Amino acid sequence: MNRRIVILWLGVCVLTMAGSACAQMRGGLLERWRERQADATPAAPLPAGTRVIRDIAYGSNPNQRFDVYAPAQAHDAPVIFMVHGGGWRRGDKAMSNVVANKVAYWVPRGVVVISTNYRMLPDTHPLEQAQDVARALAVAQRRVSDWGGDPDRFVLMGHSAGAHMVSLLTAEPQLAREQGARPWRGTVSLDSASLDVVQTMNGRHFRLYDEAFGSNPADWLAASPLQQMHAAPAPFLAVCSSRRQDSCPQAHAFVGQVRSLGGRGEVLEEDLSHSEINKDLGAPSDYTTQVDAFLRSVF
C-alpha cells in the first residue's frame, strides 16, 4: 500500500462515509501504511557480542522457523519469546520493528530473545497459527540451554496478531501443552488485534478480521482469548494504544477476568500508535522501563 493509494482512499472516505466510520477507516489505513513503512526499515546493528542463530526449524514448512539472539556468555538466562504481528497474513520474525529495539535493550541485560515465524493466512487460520507458536515454544524450551537460556524462565510476548496468539495460549494453556510446551512465567500482549474476538466480529471491523475468523460464531469463540479463559493464567501484561477505539477497553475487560479468576493482570495504556507500541519497545522511555519491570518481576 503506497502513500498515493492511502490518500486516494482517504478522499473516498471523506466523500462517502459518515464521520465516525470515516475516522476509523482513516486511522486503520494510516496505521497499515506506517506498519509497511516500518517493515521496510533496514535492520539495526546488533549489540556487540550478540550470538545469533537463525532459522531453527520446529516443523517442515519454511515458515516454521525461529531466530535466537543470545548474550555471548549467557547461562540459565531468562528468555523473551516474541511473536510478530501482521494481520495473521504477513510479517516476519527478523523485521527491524519486531526485534531491533528489543534485542538492543534486553540482550545486553542478560536476556535471550527468540523471535518466531508461523504459517499464515489464507492457508493457516489463527487457531492453527497459535498452535504453530506453541510448537515453536516447545522446541525453543527443549533447546534453549544450548544458547544459554533457562527453559523454566520464558515470557511470551507478541504484537497485534502475535499478541492475539500469545493471549489465546495464555487463556487456554492446554493448547500449548498439546504441542509439548512447558509452563511459562508470564505474557506481554502488545496491543492485541483482538482479545475478545466475539465482540470484534459483532461490531464494526476491518475485512482482515473476516478473512481471519470467518463467519461462524463457533470459530470466533474458539479463537477468542477472553472466552477461552476459565482459570487463572500466567501473569499477564496488556499494553494497549489509547489511540485505538477498542484496544484499551478490551485490555481492561481481559485483565478484569484474569483478576476475577485470582490471577495477576495489569494494563499499561500508552499514547502511541499501534505500530509504535511494537517498534518503540526497548528504546529509552518510561514505557520500556515499565515493561521491563513486569518482566523482571516474573523472570
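The following paragraphs examine the structure supplied in this document. Everything numeric in this text was worked out from a predicted model, so none of it was measured. (Residues numbered from 1 in each chain as written. Predicted model: local features only at pLDDT ≥ 70, side-chain atom pairs only at ≥ 80, totals over all residues. Heavy atoms only, no water.)

### Re the nonpolar core
1) Next: By size, the foremost hydrophobic cluster in this structure holds 46 residues, and its most contacted members are Phe 66, Phe 81 and Ile 114.
2) Next: Top contributing element to this core by residue count: helix 4 (residues 126–143), with eight residues. (Core = buried A, V, L, I, M, F, W, Y, C linked by side-chain atoms within 4.5 Å. Buried < 20%, exposed > 50% of the residue type's maximum accessible area, 1.4 Å probe, protein only. Helix = DSSP H or I, 4+ residues; strand = E, 2+ residues; numbered from the N terminus.)

### Let's talk about the pattern of salt bridges
When their charged atoms lie close together, side chains carrying opposite charge are able to pair.
1) Next: Summed over all chains, the structure comprises 13 salt bridges.
2) Next: The partner of Arg 182 in a salt bridge is Asp 152, and the shortest N-O contact between them spans 2.5 Å. In this pair, Arg 182 is assigned in the loop between helix 6 (174–177) and strand 6 (186–190) and Asp 152 in strand 5 (residues 149–159), connecting sequence segments 30 residues apart.
3) Next: Looking at Asp 152, the relative accessible area reads 37%, which means it is partly exposed.
4) Next: Across the pair Asp 271 and Arg 243 runs a salt bridge whose closest N-O atoms are separated by 3.0 Å. Within this pair, whereas Asp 271 is found in the loop between strand 8 (265–270) and helix 12 (274–279), its partner Arg 243 is found in the loop between strand 7 (236–241) and helix 11 (247–260), the two being separated by 28 residues in sequence.
5) Next: Of the residues examined, Asp 271 reaches a relative accessible area of 55% and is grouped as exposed.
6) Next: Residues participating in the shared-partner salt-bridge network are Arg 54, Asp 55, Asp 67 and Lys 93. (Salt bridge = Lys/Arg side-chain N within 4 Å of Asp/Glu carboxyl O.)

### Here's the deal with the layout of surface pockets
1) Next: The space that makes up the second largest pocket amounts to roughly 220 Å³.
2) Next: In terms of lining, the second largest pocket is formed by 15 residues, of which the most central are Thr 170, Pro 173, Arg 177, Trp 184 and Ala 234.
3) Next: Taken together, the elements giving at least two residues each to the lining of the second largest pocket come down to helix 5 (161–171) and helix 6.
4) Next: Each residue belonging to the lining of the second largest pocket can be placed in one class, and the counts come to ten nonpolar, two polar and three charged. (1 Å grid on protein atoms, 1.4 Å probe; cavity = no way out; pocket = protein on both sides within 12 Å on 5 of 7 lines; lining within 4 Å. Points joined across faces, edges and corners; volume = space filled by probe spheres on them. Nonpolar A, V, L, I, M, F, W, Y, C, P; charged D, E, K, R; others polar.)

### Regarding the sheet that holds strand 7
1) Next: Strand order in the open sheet formed by eight strands is 1-2-4-3-5-6-7-8, with mixed pairing between adjacent strands. Two strands lie at the open edges of the sheet, namely strand 1 (51–57) and strand 8, each paired on one side alone. For this sheet the average axis-to-axis angle between neighbouring strands, irrespective of direction, equals 20 degrees.
2) Next: Two elements, strand 5 and strand 6, share five bridges in a ladder whose sense is parallel. Within the sheet, the bridge partner assigned to Leu 156 lies in strand 6 and is Thr 187. (Pairing = 2+ DSSP bridges. Axes fitted to C-alpha atoms, helices over the stretch in contact; angles between N-to-C directions.)

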